[in-house]
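Fold and geometry: a report
In case you want the letters, here they are:
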Amino acid sequence: MNSLYNVIIRPIISERSYDLMEQGKYTFEVAKDAPKQEIRQAVEKLFNVHVVKVNTMNVRGKEKRVRYQSGMTRSWKKAVVTLAEGEQIEIFATQQTPAEQ
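One structure accompanies this document, and this report is about it. Quantities reported herein were computed from a predicted structural model and do not represent experimental measurements. (Residues numbered from 1 in each chain as written. Predicted model: local features only at pLDDT ≥ 70, side-chain atom pairs only at ≥ 80, totals over all residues. Heavy atoms only, no water.)

**Overview of the pattern of salt bridges**
Per the counting criterion, the structure on display carries two salt bridges. A salt bridge links Glu29 to Arg10; the nearest nitrogen and oxygen atoms lie 2.6 Å apart. With a gap of 19 residues between them, Glu29 in strand β2 (residues 25–30) and Arg10 in strand β1 (residues 8–11) connect regions that are remote in the sequence. Look at Glu29 and you get buried, because its relative accessible area is 3%. Residue class for Arg10 comes out partly exposed when judged on its relative accessible area of 37%. Between Glu29 and Arg74 there is a salt bridge, with its nearest N and O atoms 2.9 Å apart. Taken together, the positions of Glu29 in strand β2 and Arg74 in the loop between β5 (69–72) and β6 (76–83) put the pair 45 residues apart, joining distant regions of the chain. Taken together, the shared-partner salt bridges in this structure form one network comprising Arg10, Glu29 and Arg74. (Salt bridge = Lys/Arg side-chain N within 4 Å of Asp/Glu carboxyl O. Helix = DSSP H or I, 4+ residues; strand = E, 2+ residues; numbered from the N terminus. Buried < 20%, exposed > 50% of the residue type's maximum accessible area, 1.4 Å probe, protein only.)

Here it is in C-alpha cells:
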C-alpha cells in the first residue's frame, strides 16, 4: 500500500466540482495505480469521514500547440468520492463573508 499522501495528490477545484459538493461528492486527483479501495481508505483516514462510494476515471491528455511545437498535456486519474449523509470535508467548506451573515 502506498502512503496516504501518495494516493491523494490534490483536490480538483472547478465549477463542476463545487456543484457536486452540494451533493456530498468531492473530486480528487489520485495516483494512476491506486485502486478504489485504497482511495477510500486514504480519504477516510486523512479527512476523518465515512466514504460511501468511489468513482474513478482516467483523464486522457489533450494535444496542445505552442507556436510551432506540438505536444500533449499529461494524462491523470480522477476520483469522485461520495461521503455519508451529513458529512463534509472542512478544507472545501465555503466560508461566509461578514456581509452574507
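The discussion continues.
**With respect to the pairing of strand β4 (residues 63–66)**
Pairing analysis gives four bridges linking β4 to β5, with the strands arranged antiparallel. Opposite Lys64, over in β5, you have Gly71 as the bridge partner. Two successive antiparallel strands, β4 and β5, enclose a turn made up of two residues, where Arg67 displays a positive phi of approximately 55°. (Pairing = 2+ DSSP bridges.)

**A word on the environment of Asn55**
With respect to the helices, strands and loops of the structure, Asn55 is situated in strand β3 (residues 51–59). Through-space distance from the C-alpha of Asn55 to that of Thr82 is 8.3 Å; in sequence the pair is 27 residues apart. Non-local contacts of Asn55, meaning those with residues more than four positions away in its chain, are made with Lys78, Ala79 and Val80. (Contact = heavy atoms within 4.5 Å.)

**Digging into the sheet that holds β6**
The strand order across the open sheet built from four strands is β1-β2-β6-β3, with neighbouring strands paired in antiparallel fashion. Unpaired on one side and paired on the other, β1 and β3 mark the two borders of the sheet. The mean inter-strand angle of the sheet, taken between neighbouring strand axes irrespective of direction, is 30°. With three bridges joining them, β1 and β2 adopt antiparallel strand pairing. By the bridge assignment, Pro11 is partnered in β2 with Phe28. The strands touched by helix α3 (residues 36–47) within the sheet are β1, β2, β3 and β6, with β3 carrying the most contacts at an inclination of about 120°. (Axes fitted to C-alpha atoms, helices over the stretch in contact; angles between N-to-C directions.)

**Remarks on the nonpolar core**
One finds Ile8, Phe28, Ile39, Val43, Val81 and Leu83 to be the most contacted residues of the largest nonpolar core, which totals 19 residues. Those elements that place two or more of their residues in this core are α1 (4–7), β2, α3, β3 and β6. (Core = buried A, V, L, I, M, F, W, Y, C linked by side-chain atoms within 4.5 Å.)

**Re the packing of aromatic side chains**
Overall, the coordinates contain one aromatic pair when judged by the stated rule. Aromatic pair Phe28 and Phe47: ring centres 5.8 Å apart, planes at 25°, arrangement stacked. Of the two residues, Phe28 sits in strand β2 while Phe47 sits in helix α3, which places them 19 residues apart along the sequence. Take Phe47: its relative accessible area is 21%, and that puts it in the partly exposed class. (Phe/Tyr/Trp six-rings, centres within 6.5 Å; stacked < 30°, edge-to-face > 60°.)

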